[in-house]
Amino acid sequence: MNNTYMQKAIANRLNPKLEEPRRQIMLHLHESTIAQLTQLAAALSAYSGKKITRNMLIVDAIDVFLEESKIFMTEQKNKEVTNE
């Protein structure tokens with residue numbers, strides 16, 4: 001995976017812009033995942049001096065996943081076209 005989108009997401013989180021309204025959903029995560037998110041949120045908060053929450057990190061991860069998925073699907077479609 002290209003780390004460019006993840007690096008951009010982290011930079012955007014450290015210097016947030018105005019965001020569009022969001023809707024609430026519920027996720028079931030493993031305890032180990034929650035612990036890792038807690039540690040990362042604390043580290044980013046300490047580094048930036050700003051409050052970074054687990055929820056913010058989850059939203060960032062979803063945004064990166066969606067962006068990477070678009071690229072992946074485009075690449076797959078292009079491969080199918082060239083193989084025809």
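Just above sits the structure.
Below, the structure is looked at part by part. Only a predicted model underlies this, so the values are computations on that prediction, with no experimental measurement involved.

**Digging into the packing of helix 1 (residues 4-14) against helix 3 (residues 54-83)**
The angle between the axes and the distance between the axes are what describe a pair of packed helices.
Turning to step 1, where the next piece is worked out: One can describe the packing of helix 1 onto helix 3 by two numbers: an axis separation of 10 Å at closest approach and a directional angle of 145°. Handedness of the helix 1/helix 3 crossing: right-handed. Packed against helix 1, whose contacting residues are Y5, M6, A9 and R13, the element helix 3 presents M56, D60, V64, E67, E68 and I71 at the interface.
Turning to step 2, where the next piece is worked out: Looking at the contact of helix 1 with helix 3, its residues break down into six nonpolar, no polar and four charged.

**Considerations on a nonpolar patch on the surface**
Turning to step 1, where the next piece is worked out: Residues I25, L27, L29, I62, F65 and L66 make up a contiguous nonpolar surface patch of about 580 Å² in total accessible area.
Turning to step 2, where the next piece is worked out: By the secondary structure assignment, L66 is in helix 3.
Turning to step 3, where the next piece is worked out: Judged by its relative accessible area of 46%, L66 is partly exposed.

**Focus: the pattern of salt bridges**
Turning to step 1, where the next piece is worked out: Tallying each qualifying case throughout the model produces one salt bridge.
Turning to step 2, where the next piece is worked out: Taking the shortest distance from any N to any O, the salt bridge between K70 and E67 comes out at 3.6 Å. One end of the pair, K70, and the other, E67, are both in helix 3, three residues apart, so they sit about a helical turn from each other.
Turning to step 3, where the next piece is worked out: Accessibility expressed as a relative area gives 53% for K70, which makes it exposed.
Turning to step 4, where the next piece is worked out: Residue classification places E67 among the partly exposed positions, given a relative accessible area of 27%.

About the cut-offs
Residues numbered from 1 in each chain as written. Predicted model: local features only at pLDDT ≥ 70, side-chain atom pairs only at ≥ 80, totals over all residues. Heavy atoms only, no water. Axes fitted to C-alpha atoms, helices over the stretch in contact; angles between N-to-C directions. Helix = DSSP H or I, 4+ residues; strand = E, 2+ residues; numbered from the N terminus. Left-handed = near helix turned anticlockwise from the far one by under 90°. Contact = heavy atoms within 4.5 Å. Nonpolar A, V, L, I, M, F, W, Y, C, P; charged D, E, K, R; others polar. Patch = residues over 30% accessible without salt bridge, like charges linked within 9 Å, V, L, I, M, F, W, Y side chains within 5 Å. Areas by Shrake-Rupley, 256 points an atom, 1.4 Å probe, with all protein chains shown as cover. Salt bridge = Lys/Arg side-chain N within 4 Å of Asp/Glu carboxyl O. Buried < 20%, exposed > 50% of the residue type's maximum accessible area, 1.4 Å probe, protein only.

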